[in-house]
Amino acid sequence: MKFGFSREQEEFRSNLRRFLAERSPPSEVRRLMETEAGWEREGWRRANAALGLTALRIPEAHGGQGFGFGELCIVLEEMGRVLLCAPYFATAVLATGAILNAGTEEQKRALLPGIASGETVATLAFAEDAGRWDAAATTLAATPAGGGRWRLDGHKSFVLDGHTADLIVVLARGPGSAGEEGLSLFTVPGDAPGLERRPLRTIDMTRKLARLTFRGVEAAPLGAPGGAAAPFARTMLEAAVCLANEMVGGAERLREDALAYAKMRVQFGRPVASFQSMKHKAADMLVDVELAKAAAYYAAAALDEDDAELPAIASLAKACAADAYMQTAIHAIQIHGGIGFTWDNDTHLWFRRAKGSEVLFGDAHHHRELMMRHWAA
Amino acid sequence: MDEAAVRAEVRAWLEAHWDPERGLVAWRHMLAESGWGVPHWPREWYGRDLPVGLVPVVEEEFRRIGAVGVAKAGIRMLAAATILAHGTRLHKERFLRRILTGEDTWCQLFSEPGSGSDVAAAVTRAEFRGNRWVINGQKVWTTSAHHADWGLLLARTDWDRPKHKGLSFFIIDMRQPGVEARPLRQMNGYASFNQVFLTDAEVPPEFLVGEVGEGWAVATTTLMHERRGADALRSWALGSDRPGRIYEEERAEIATVMEPYRWYPQRAGRVDLVMERARAAGRLGDPVLRQEIAKLLTLSRAAEWLARRARTAQEQGRPQGPEGSLGKLVASHVARAAARVHTQIAGADALLSGEDGPMGGLIAEILLSVPATSIAGGTDEIQRNIIAERVLRMPKEPNPDADRPFREVPRNAVS
Ligand SMILES: Cc1cc2nc3c(=O)[nH]c(=O)nc-3n(C[C@H](O)[C@H](O)[C@H](O)COP(=O)(O)OP(=O)(O)OC[C@H]3O[C@@H](n4cnc5c(N)ncnc54)[C@H](O)[C@@H]3O)c2cc1C
């Protein structure tokens, strides 16, 4: 397997890092996280257009650039590094993934160009109040309404950018079905009649979630009705790998900032970084973050190559990143001392992201179990 | 006096005097006079000279009948312990009773922008001018300074002596024009600590505690009590929802002067909620979760017993073993483990906060408050150093500043 970044990729990363550092300093993150939407359409459209970010992995035939997960994961890592407040994960990972994995050619032609150009902000609504991330837990009901149209009734929760997306891909269950059978994906416009969207209060204020209520909402099928289980499962693998890459970006940033602070802060007449316990903590953080990076990068390559072990590798990467990010966040606050516990210090913004990402799409226990299901089968 | 006798006596006294329709302050005056509010304190000062080990017996009887105790939470008990150990008769007369009744609120003015772990490097200046001490400088992370009537102040009185020898300890009136407290917001959204600016603030000479230049020894007493008490934080500011005037007044106290401590039980991890949360989530059968809960309960129960061993040693007049110094560090371990388990139980709901979050946001508050435990009152790293150097007698870090005049010691540029 090709595993390692090319010169072009490294260049892409460093350009992106510069761009994002300028565009998304902590002051901007704090401004946006206090808004209900969590991002701004104009600003996001311009940024996206400048770099073609949502087009990145959409095939050229559908208005995209045709890159793979290697490139997409670079973008996510860099966005995680700066806590970019934008509907990127929802649009470029979840909705794009669902459409690419489930949609017919015609549906792709209809939906993807708008996403690629940045006109359409999209998301995927799958989990519900029960907070389970597996398709089998789906209860939202889809009933045929004639003429190839369907009606949706029920609710979804934990929907990334669900209250602001223009297009919502919805996982729903056909009449009389159970488990992984009878599941279908649908598309619904964000302003569809009968759809009620409520933003949720989140620990991680930089990533907005919503609860959606569907009351007889008219929906168009995406892919073959009843056949959503496999494309959805694939989309979740992609989501786990992409989130792992986003997380290691944040973890690395925390690690670097904490180390810089320790070198600057003087106690007992010397920089606190000169205390051996601080050095050991810093070294442990490096080990944690580098291991998680290795796993995340490998998993991205495994996605591009459709590796046979992919289900286990994706979960491994997510679990590893979750533990590393949370541990790094705990250390980072500790290294800052009292100031690390304040609102005005930026460390808690990443701590919150680490906590949210830890459980998003399933916590480390959940993913370790999935890993074992694959490897111990 | 043995346990049964103490139990009988306190029970009889409570049955004769406890009345939930009494006023809170009036009741606490009765506790101060009877000695049952702080039975391990000296008889001369509102106590009964009971061994510390019997205090839980008295507390149990209070709980049994639902009686409210003396005001205990906050810095007040650190102030009381410091005054009992180092204060003059005047300090004791003036302050102890109002500490117990809750009429006065206290804060601890130790940490500064440039000195937290190295608190002996304080640069707030105290100068004797005419007939009073004049204080100039800045303190930080001062919990409840915005409510406080009095502060425990560590300030530098001599810059030519080594850092530990140039400090003095004062009781400062927080309600004077030279003292300005500006709340600082914390990562959990509360604003219970403050920046405190001292500009020509005044302290009368009789409010010096200990001798001039011996402030470090006094501060060490305060800090030792703070660290020993770390275990008690979990029950601070919980209050009772029972009907009755005294409970209402206690709830009002918790909502106002005790407000800075509202999140303190959450900061300790709320181990008490774990089992009920797991049951409510229908997860008690999950073998992975069961292991994690069992590990947490092992840690937290053993920590309680460790604290109890330390108290027992004290009661029997034996020197405390290492168990007395470990409690604060262990409290950090418990809090962090509890945050992990709460996350695991909450699952996806751990993403949510405020009214959308589990238990109306309480779980989110735990997750965002726990990081304070390993910082406040001396960081885990400092606790480990203390354990290694003082308990285990491992060689100390070289300390080139120990004998140098303080003015020559390198410090943070920003302070
Ligand atoms: C919720 C809360 C309430 C507080 N309330 C009060 C209060 O009421 N009054 C008050 O005076 N203070 C209060 N504090 C301050 C607290 O005591 C200090 O924050 C703490 O002592 C750490 O000091 P610092 O913040 O300056 O961190 P620093 O001392 O700068 O520490 C930074 C990092 O360096 C590490 N470090 C420092 N020295 C060493 C060493 N020798 N070896 C190894 N590692 C080291 C620390 O462990 C930490 O990880 C409060 C703090 C919090 C979080």
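Bear in mind that the values here come from a model prediction, so they are computed numbers and not experimental data.

Cut-off values and rules
- Residues numbered from 1 in each chain as written.
- Chains lettered and ligands numbered in written order.
- Predicted model: local features only at pLDDT ≥ 70, side-chain atom pairs only at ≥ 80, totals over all residues.
- Heavy atoms only, no water.
- Helix = DSSP H or I, 4+ residues; strand = E, 2+ residues; numbered from the N terminus.
- Rg over C-alpha atoms; globule rule 2.2 N^0.38 Å.
- Buried < 20%, exposed > 50% of the residue type's maximum accessible area, 1.4 Å probe, protein only.
- Contact = heavy atoms within 4.5 Å.
- Areas by Shrake-Rupley, 256 points an atom, 1.4 Å probe, with all protein chains shown as cover.
- Lys, Arg positive; Asp, Glu negative; His and termini not counted.
- Charge placed at Lys NZ, Arg CZ, Asp CG, Glu CD.
- Buried area = accessible area lost by both parts, 1.4 Å probe.
- Salt bridge = Lys/Arg side-chain N within 4 Å of Asp/Glu carboxyl O.
- Polar contact = N/O pair within 3.5 Å; in protein donor to acceptor, adjacent residues only side chain to side chain.
- Nonpolar A, V, L, I, M, F, W, Y, C, P; charged D, E, K, R; others polar.
- 1 Å grid on protein atoms, 1.4 Å probe; cavity = no way out; pocket = protein on both sides within 12 Å on 5 of 7 lines; lining within 4 Å.
- Points joined across faces, edges and corners; volume = space filled by probe spheres on them.
- Domains from an automatic or database assignment.
- Near = heavy atom within 4 Å.

This part covers the overall build of chain B. Assigned secondary structure in chain B consists of 13 helices and eight strands. Scaling as 2.2 N^0.38, a compact globule of 415 residues should have a C-alpha radius of gyration of about 22 Å, and chain B matches this with 22 Å. Projected onto the principal axes, the alpha-carbon positions of chain B cover approximately 65 × 50 × 45 Å. The buried share of chain B, reckoned over its 415 residues, is 53%. Within chain B, counting contacts between residues at least 6 apart in sequence, those at least 24 apart form 72% of the total. Surface summary for chain B: the accessible area is close to 18,000 Å², and the carbon and sulfur share equals 51%. Within chain B, one finds 55 positive and 54 negative side-chain charges whose respective centroids are separated by 3 Å.

Turning our attention to the interface of chain B and chain A. Tallying the contact residues gives 49 residues for chain B and 42 residues for chain A. Together, the buried faces of chain B and chain A total about 3,700 Å²; carbon and sulfur atoms form 61% of this surface. Three residues stand out in chain B for area buried against chain A, namely Met 187, Leu 351 and Glu 381 of chain B, and they jointly supply 20% of the buried area on that side. Counting the contacts that link chain B with chain A gives five salt bridges. The partner of Arg 201 of chain A in a salt bridge is Asp 356 of chain B, with the nearest N and O atoms 4.0 Å apart. Counting every contact that joins chain B to chain A gives 20 residue pairs in polar contact (both at pLDDT 80 or more). Only helix 10 (287-315), helix 11 (323-346), helix 12 (362-369) and helix 13 (380-391) of chain B provide two or more residues apiece to the side of chain B that touches chain A. Its residues assigned to classes, the side of chain B that touches chain A comprises 20 nonpolar, 16 polar and 13 charged.

Turning our eyes to something else, we now look at the layout of surface pockets. If you add up the space inside the second largest pocket, you get close to 1,200 Å³. Along the walls of the second largest pocket sit 43 residues, with Trp 133, Asp 134, Gly 362, His 366 and Leu 370 of chain A positioned nearest its centre. For the lining of the second largest pocket, the elements supplying multiple residues, two or more each, are helix 7 (229-264), helix 9 (310-336) and helix 11 (364-375) of chain A together with helix 9 (274-280), helix 10 and helix 11 of chain B. The residue makeup of the lining of the second largest pocket, split by class, is 22 nonpolar, nine polar and 12 charged.

All names here are of chain A. Each domain of chain A was delimited in the assignment, giving domain 1 (7-120), domain 2 (123-226) and domain 3 (230-376). Look at where the C-alpha atoms of domain 1 and domain 2 centre, and you get two points 22 Å apart. With 26 residues of domain 1 in contact, the opposing surface of domain 2 contributes 19 residues. Interface area, domain 1 with domain 2, both sides summed: about 1,800 Å², of which 68% is carbon and sulfur. When the area that domain 1 buries against domain 2 is broken down by residue, the three leading residues are Met 33, Glu 36 and Leu 94, summing to 24%. At the junction of domain 1 with domain 2, the criterion picks out one salt bridge. Our enumeration of links across domain 1 and domain 2 arrives at seven residue pairs in polar contact (both at pLDDT 80 or more).

All right, on to the site of the ligand then. In the vicinity of the ligand, 29 residues are found, and the nearest of them are Arg 265 and Gln 334 of chain A together with Ser 117, Trp 141 and Thr 379 of chain B. Mapping the residues adjacent to the ligand onto the chains of the assembly identifies chains A and B. With respect to the ligand, the backbone of Trp 141 of chain B contributes an N or O atom lying 2.9 Å from a nitrogen atom. When the ligand is considered free in solution it has 970 Å² of accessible area, and contact with the protein chains removes 96% of it.

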